[in-house]
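These are the residues of each chain, in order.
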Amino acid sequence: GSVAMAVRTVVEVAVHFESFRNIDLFHQGLYHLRSRIYRDVNGRKIVAEPYNYFACSTQVAEDVQKDRKSARTDHHHLIPAHVIEDQCTFCTRSFLIRYCEEEVELDDMAQFRVEIGLDEVDDEEAPLFLEVELMFGDLTRHGGADRFGEAPADVESMEFKCVSTQLLKLHKAESGLHE
């Protein structure tokens, strides 16, 4: 008898969200970045699985520990980074934006994995895309950003909507890239 073997390439991509800088957001509120990686094979999306995520900086962990000891709430750690498994997306921690030119250190990293058949490795035929969405949670029903800042409401029930999307094509991902 004959033996059929399927040999596949595994492409792993690590995405590091170092910081977020508010340039022209008009609304104060809670924000986070939602990301997904996929291959486009003849109009069909083959989604990469986010299999790991973590905060890169030890400074972030130290800051969280200090805040736990004090009664003050850190408004950039209200909802921690997480994966939405049924959507194959990674979400950074949620952060409160109040001012123009405000910069928030995130230091969240996610690792994605996608399998590619040896006959599908051609980057031009089936490119790899990184989709990043800016998600916004309106705080007006919680009394606005300033009142929310004094006493954070139930953030788990916050509804977020996409206010901006960026789609990036990752060239030669299967042979390694660093940017």
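Residues numbered from 1 in each chain as written. Predicted model: local features only at pLDDT ≥ 70, side-chain atom pairs only at ≥ 80, totals over all residues. Heavy atoms only, no water.

A. Broad picture of the nonpolar core. Counting residues in hydrophobic clusters, the biggest one holds 26 residues, and the most contacted among them are Ile37 and Leu128. Of all the secondary structure elements, the ones that give two or more residues to this core are β1 (8–21), β2 (29–41), β7 (95–97), β8 (103–117) and β9 (128–138). (Core = buried A, V, L, I, M, F, W, Y, C linked by side-chain atoms within 4.5 Å. Buried < 20%, exposed > 50% of the residue type's maximum accessible area, 1.4 Å probe, protein only. Helix = DSSP H or I, 4+ residues; strand = E, 2+ residues; numbered from the N terminus.)

B. Broad picture of the sheet that holds β8. The 3 strands lie next to each other as β1-β8-β4, forming an open sheet whose pairing is antiparallel. On the outer flanks of this sheet lie β1 and β4 (49–55), each paired with one strand and no other. Each adjacent strand pair in this sheet contributes to an overall mean axis angle of 20 degrees, direction not counted. Inspection of the sheet shows β1 paired to β8 by 13 bridges, in the antiparallel sense. Bridge pairing in β8 places valine 11 opposite valine 114. (Pairing = 2+ DSSP bridges. Axes fitted to C-alpha atoms, helices over the stretch in contact; angles between N-to-C directions.)

C. Looking closely at the packing of aromatic side chains. One pass over the full model with this rule turns up 5 aromatic pairs. Both rings, one in phenylalanine 17 and one in phenylalanine 90, keep their centres 6.3 Å apart while their planes meet at 20 degrees; by these two values the pair is stacked. Here the residue phenylalanine 17 occupies a position in strand β1, and phenylalanine 90 occupies one in strand β6 (residues 89–91), the gap between them amounting to 73 residues. Like phenylalanine 90, phenylalanine 17 is buried. Each member of the aromatic cluster is reached from another via a ring pair, and the members are Phe17, Tyr53 and Phe90. Its guanidinium or amino end placed over the ring of tyrosine 38, lysine 45 lies 4.6 Å from that ring's centre, counting from NZ or CZ. Across from the ring centre of tyrosine 51, 3.8 Å away, lies the NZ or CZ of arginine 113, which sits over that ring. (Phe/Tyr/Trp six-rings, centres within 6.5 Å; stacked < 30°, edge-to-face > 60°. Lys NZ or Arg CZ within 6 Å of the ring centre and 35° of its normal.)

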